[in-house]
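# Observations on chain architecture
One-letter residues, chain by chain:
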Amino acid sequence: MNLQEDLIREIVQRVLAQTSAWKQRDPSGALLIHPGSVQTEPFQGRQDVRVYNLTTLEEAPNMGAGLMELLDGADFEWTLTYDEYDYVMEGELQIVLDSGAVLTGRPGDILFIPKNTHIHFRTPDRARYVYFVYPANWQQNP
């Protein structure tokens with residue numbers, strides 16, 4: 001082995017160790033996920049919108065799950081090409097519809113957004129929520 005292979009192996013082992021702290025996999029394919037300890041990453045270069053995919057297409061090919069955070073009063077425009085449920089963990093999540101209606105979710109609330117809906121994800125301060133999407137490969141949809 002060379003130094004580069006050793007470094008790659010060490011990085012992979014660290015990532016697997018971090019993942020196993022918040023996700024447990026059973027050989028059957030069942031998962032137990034602890035989203036409270038997951039660190040999100042900037043989405044599309046924005047520091048006020050952060051995301052982390054909780055499942056992969058290999059783990060869950062039909063339905064996806066992720067964690068999203070809106071910080072500092074973020075307002076994030078999006079058109080959904082999939083059905084989505086949002087479970088609010090912290091803060092206040094506002095879904096602003098084209099009609100002008102605002103759906104406001106607080107910790108413990110669940111919001112549903114149907115496919116082909118144009119919205120703004122918004123928060124007056126911050127929001128942390130888990131999203132569930134169908135289909136899981138939403139990025140490949142037209």
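First, a word on scope: everything that follows refers to the structure included in this document.

## Details of the overall build of the protein
- Helices and strands together make up the secondary structure of the protein, namely one helix and 12 strands.
- Helices and strands appear in the protein in the N-to-C order α-β-β-β-β-β-β-β-β-β-β-β-β.
- The burial tally for the protein puts 36% of its 142 residues in the buried class.
- Restricting the contact set of the protein to residue pairs at least 6 apart, pairs at least 24 apart contribute 62%.
- For the protein, the accessible surface area stands at approximately 8,700 Å², while carbon and sulfur atoms represent 53% of it.
- A distance of 2 Å separates the average location of the 11 positive side-chain charges in the protein from that of its 20 negative side-chain charges.

## Observations concerning the sheet that holds strand E5 (residues 64-70)
- In spatial order, the strands read E3-E4-E5-E12-E7-E10; together these six strands make up an open sheet with antiparallel pairing. Each edge of the sheet is formed by a strand with only one pairing partner; in this case those strands are strand E3 (41-43) and strand E10 (110-113). In this sheet, neighbouring strand axes are inclined to one another by 35° on average, regardless of whether the strands run parallel or antiparallel.
- Pairing of strand E7 (residues 83-91) with strand E12 (residues 127-134), which is carried by eight bridges, proceeds in the antiparallel orientation. Each residue of the ladder has a partner; that of Glu84, found in E12, is Val133.

## Description of the pairing of strand E6 (residues 75-79)
- Here E6 shows a buried face lined by Phe76 and Trp78 and an unburied face lined by Asp75, Glu77 and Thr79.
- As judged from the five bridges shared by E6 and strand E11 (residues 118-122), these two strands associate in the antiparallel manner. Each bridged residue has a counterpart across the sheet, and for Phe76 the counterpart in E11 is Phe121.

## With respect to unusual backbone geometry
- Cis rather than trans, the peptide bond between Tyr134 and Pro135 has omega equal to 5°.
- Mapping Pro135 onto the fold places it in the segment after E12.
- Residues other than glycine seldom take positive phi values, yet Gln44 does so here, at roughly 50°.
- Its location among the elements puts Gln44 in the loop between E3 and strand E4 (46-53).
- According to the relative accessible area criterion, Gln44 is exposed, its value standing at 57%.
- Its identity as a non-glycine residue notwithstanding, Asn116 has a phi of 70°, on the positive side.
- Positionally, Asn116 belongs in the loop between E10 and E11.
- Note on Asn116: relative accessible area 58%, which makes it exposed.

## Regarding the packing of aromatic side chains
- Counted by the stated rule, this structure contains seven aromatic pairs.
- Summarising the aromatic geometry, the rings of Tyr85 and Phe112 are spaced 4.9 Å apart at their centres and angled 45° between planes, so their arrangement reads as tilted. Linking Tyr85 in strand E7 with Phe112 in strand E10, this pair joins segments that are 27 residues apart in sequence.
- Assessed through its relative accessible area of 42%, Tyr85 is described here as partly exposed.
- Pairing Phe121 with Tyr129 gives two aromatic rings, centres 6.0 Å apart and planes at 20°, and the pair type is stacked. For the pair Phe121 and Tyr129, a shared accessibility class is recorded, and that class is buried.
- Through a chain of ring-to-ring contacts, three or more aromatic side chains come together here, namely Phe43, Phe76, Trp78, Phe121 and Tyr129.

What counts, and where the lines are drawn
Residues numbered from 1 in each chain as written. Predicted model: local features only at pLDDT ≥ 70, side-chain atom pairs only at ≥ 80, totals over all residues. Heavy atoms only, no water. Helix = DSSP H or I, 4+ residues; strand = E, 2+ residues; numbered from the N terminus. Buried < 20%, exposed > 50% of the residue type's maximum accessible area, 1.4 Å probe, protein only. Contact = heavy atoms within 4.5 Å. Areas by Shrake-Rupley, 256 points an atom, 1.4 Å probe, with all protein chains shown as cover. Lys, Arg positive; Asp, Glu negative; His and termini not counted. Charge placed at Lys NZ, Arg CZ, Asp CG, Glu CD. Pairing = 2+ DSSP bridges. Axes fitted to C-alpha atoms, helices over the stretch in contact; angles between N-to-C directions. Phe/Tyr/Trp six-rings, centres within 6.5 Å; stacked < 30°, edge-to-face > 60°.

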